[in-house]
Amino acid sequence: MDKKILQPVSYPTKGACGPTGTWRSQRPVYDAALCNGCLLCWLFCPEAAIAREDRLINYDYCKGCGICAVECTKNAIAMVKEEVK
Ligand code: SF4
Ligand code: SF4
């Protein structure tokens, strides 16, 4: 039987107002030591901003909604206040 590899149905892209990363007031911080690789964060991220392979977060497109942190059952993603640059 062929192995099916799950892929996101879309990829991050600029909207009419630019990259959604500019919306963020909080940012998700990923802790690989707590992660069990369940991929719930990758599946639920509305911006497809989490990489399937290593859960690295694309901050150009992460809008800081916090869904990934809520869905993570291992507390491997924490939301922290975005630093003003
Ligand atoms: S906070 Fe998490 S779920 Fe929301 S856009 Fe960023 S990476 Fe995706
Ligand atoms: S939801 Fe949490 S435990 Fe699952 S892959 Fe994402 S960070 Fe890891």
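The present account deals with the structure reproduced in this document.

Parameters at a glance
- Residues numbered from 1 in each chain as written.
- Chains lettered and ligands numbered in written order.
- Predicted model: local features only at pLDDT ≥ 70, side-chain atom pairs only at ≥ 80, totals over all residues.
- Heavy atoms only, no water.
- Near = heavy atom within 4 Å.
- Nonpolar A, V, L, I, M, F, W, Y, C, P; charged D, E, K, R; others polar.
- Phe/Tyr/Trp six-rings, centres within 6.5 Å; stacked < 30°, edge-to-face > 60°.
- Lys NZ or Arg CZ within 6 Å of the ring centre and 35° of its normal.
- Helix = DSSP H or I, 4+ residues; strand = E, 2+ residues; numbered from the N terminus.
- Buried < 20%, exposed > 50% of the residue type's maximum accessible area, 1.4 Å probe, protein only.
- Core = buried A, V, L, I, M, F, W, Y, C linked by side-chain atoms within 4.5 Å.
- Salt bridge = Lys/Arg side-chain N within 4 Å of Asp/Glu carboxyl O.

## Overview of the site of ligand 1
Here is step 1: Close to ligand 1 lie Pro 28, Cys 45, Pro 46, Glu 47, Ile 50, Cys 62, Lys 63, Gly 64, Cys 65, Gly 66, Ile 67 and Cys 68.
Here is step 2: Looking at the shell around ligand 1 residue by residue, the class counts come to eight nonpolar, two polar and two charged.

## With respect to the packing of aromatic side chains
Here is step 1: Tallied over the full model, the rule gives zero aromatic pairs.
Here is step 2: A cation over an aromatic ring shows up here: Arg 27 above the ring of Tyr 59, its NZ or CZ 4.1 Å from the ring centre.
Here is step 3: In this structure, Arg 52 is placed above the aromatic ring of Trp 42, and the distance from its NZ or CZ to the ring centre is 5.6 Å.

## Description of the site of ligand 2
Here is step 1: In the neighbourhood of ligand 2, 13 residues make up the surrounding shell, with Cys 35, Cys 38, Leu 39, Cys 41 and Cys 72 lying closest.
Here is step 2: Tallied by class, the residues present in the shell around ligand 2 amount to nine nonpolar, two polar and two charged.

## Considering unusual backbone geometry
Here is step 1: We note that Leu 39 has phi near 70°; this positive angle belongs to a residue other than glycine.
Here is step 2: Mapped onto the secondary structure, Leu 39 falls in the loop between β1 (26–30) and α1 (40–44).
Here is step 3: Note on Leu 39: relative accessible area 17%, which makes it buried.

## Here we look at the nonpolar core
Here is step 1: With 11 residues, the main nonpolar core is built from Leu 39, Cys 41, Trp 42, Cys 45, Ala 49, Ile 50, Ile 57, Cys 62, Cys 68, Ala 69 and Ile 77.
Here is step 2: Those elements giving two or more residues to this core turn out to be α1 and α2 (67–71).

## Regarding the pattern of salt bridges
Here is step 1: Under the definition given, this model contains three salt bridges.
Here is step 2: Salt-bridge contacts for Glu 82 lead to Arg 27; the nearest nitrogen and oxygen are separated by 2.9 Å. Separated by 55 residues along the polypeptide, Glu 82 in the segment after β2 (77–81) and Arg 27 in strand β1 bring together distant segments of the chain.
Here is step 3: Close ionic contact of Lys 63 with Glu 47 constitutes a salt bridge, the shortest N to O distance being 3.1 Å. Of this pair, Lys 63 sits in the loop between α1 and α2 while Glu 47 is found in the loop between α1 and α2, placing the two residues 16 residues apart along the sequence.
Here is step 4: It is possible to trace a salt-bridge network through shared partners that takes in Arg 24, Arg 27 and Glu 82.

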